[in-house]
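One letter stands for each residue in the lines below.
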Amino acid sequence: MMNAINWPPPYLPGTTDNFCSNEVIVAGLSAEDIWPYLSHPYIWPEYYSNASAIEFDNGGGPQLNETSRFRFRTFGFPMEAEVTEFVAPVDGSTGRLSWHGWMNGDANTKFDVLHCWLVENLSEERVRILTQESQIGLPAKELAKSKPNKMINGHQDWLDGLVTAARSGKKK
């Protein structure tokens, strides 16, 4: 049985304005190979063109941890973010990373998200990477209507880039 995301209220999928889920399972990599590329936001723009302008609050970084607050731009939105779950994959355990992201504004521009990741080792030297995001607000409603789905496609690019970066790093 594979692990699942821990969803706190009010982000439970199916109850929010938008939800997206992307997953890959690949051979030849481990959760430990993937984690450094996921937990270091300054590396994200190197393999994912939709992340930029990364900054940490209060002298934090460069790696995320359980108390990290940071900012970045994604999907054209300037997001404030705070880590809500951080469990590195150690000794075969499942890696878990979640952050609450938000963009303050009025009723038309306020945006609230929970972006979650699972990175888990599977049998036969495979790794599963699951990313899901639950969103609240008018921008989320608009994203939910987009065809093709910008969130699904963007997060798939993130997963593909993450795998490519980890493979490249493993070859060094």
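The notes below deal with the structure included here. (Residues numbered from 1 in each chain as written. Predicted model: local features only at pLDDT ≥ 70, side-chain atom pairs only at ≥ 80, totals over all residues. Heavy atoms only, no water.)

1. Concerning the packing of aromatic side chains
- Scanning all chains against the criterion turns up 15 aromatic pairs.
- With 5.5 Å between their ring centres and 65° between their planes, tryptophan 35 and phenylalanine 86 make a pair best called edge-to-face. One end of the pair, tryptophan 35, is in helix α1 (residues 31-38); the other, phenylalanine 86, is in strand β4 (residues 77-87), with 51 residues separating them in the sequence.
- One aromatic cluster is present, formed by Tyr42, Trp44, Tyr48, Phe56, Phe70, Phe72, Trp99, Trp117 and Trp158 through successive ring pairs. (Phe/Tyr/Trp six-rings, centres within 6.5 Å; stacked < 30°, edge-to-face > 60°. Helix = DSSP H or I, 4+ residues; strand = E, 2+ residues; numbered from the N terminus.)

2. Topic: unusual backbone geometry
- Along the chain, proline 9 connects to proline 10 via a cis peptide bond; the corresponding omega equals 10°.
- Along the chain, proline 10 falls in the segment before β1 (18-27).
- A cis amide bond, omega 5°, links glycine 61 with the succeeding residue proline 62.
- For proline 62, the location among the structural elements is in the loop between β2 (52-56) and β3 (69-74).

3. Brief notes about the environment of leucine 130
- With respect to the helices and strands, the residue leucine 130 is situated in strand β7 (residues 126-136).
- Owing to a relative accessible area of 5%, leucine 130 belongs among the buried residues under this scheme.
- Placed 13 residues apart in sequence, leucine 130 and tryptophan 117 show a C-alpha to C-alpha distance of 5.6 Å.
- If near-sequence neighbours (up to four positions away) are discounted, leucine 130 is found in contact with Ile5, Ser21, Asn22, Glu23, Cys116, Trp117 and Leu118. (Buried < 20%, exposed > 50% of the residue type's maximum accessible area, 1.4 Å probe, protein only. Contact = heavy atoms within 4.5 Å.)

4. Concerning the sheet that holds β1
- Within the open sheet, the seven strands sit side by side as β1-β7-β6-β5-β4-β3-β2. Their pairing is antiparallel. One side of each edge strand has no neighbouring strand; the edge strands of this open sheet are β1 and β2. Taken over all neighbouring pairs, the strand axes of this sheet differ in orientation by 20° on average, direction set aside.
- When strand β6 (residues 111-122) meets β7, the two strands line up antiparallel, connected through eleven bridges. Along β7, the bridge assignment pairs cysteine 116 with glutamine 132.
- Sheet strands touched by α1: β4, β5 (95-103), β6 and β7. Its angle to β6, the strand with the most contacts, is close to 155°. (Pairing = 2+ DSSP bridges. Axes fitted to C-alpha atoms, helices over the stretch in contact; angles between N-to-C directions.)

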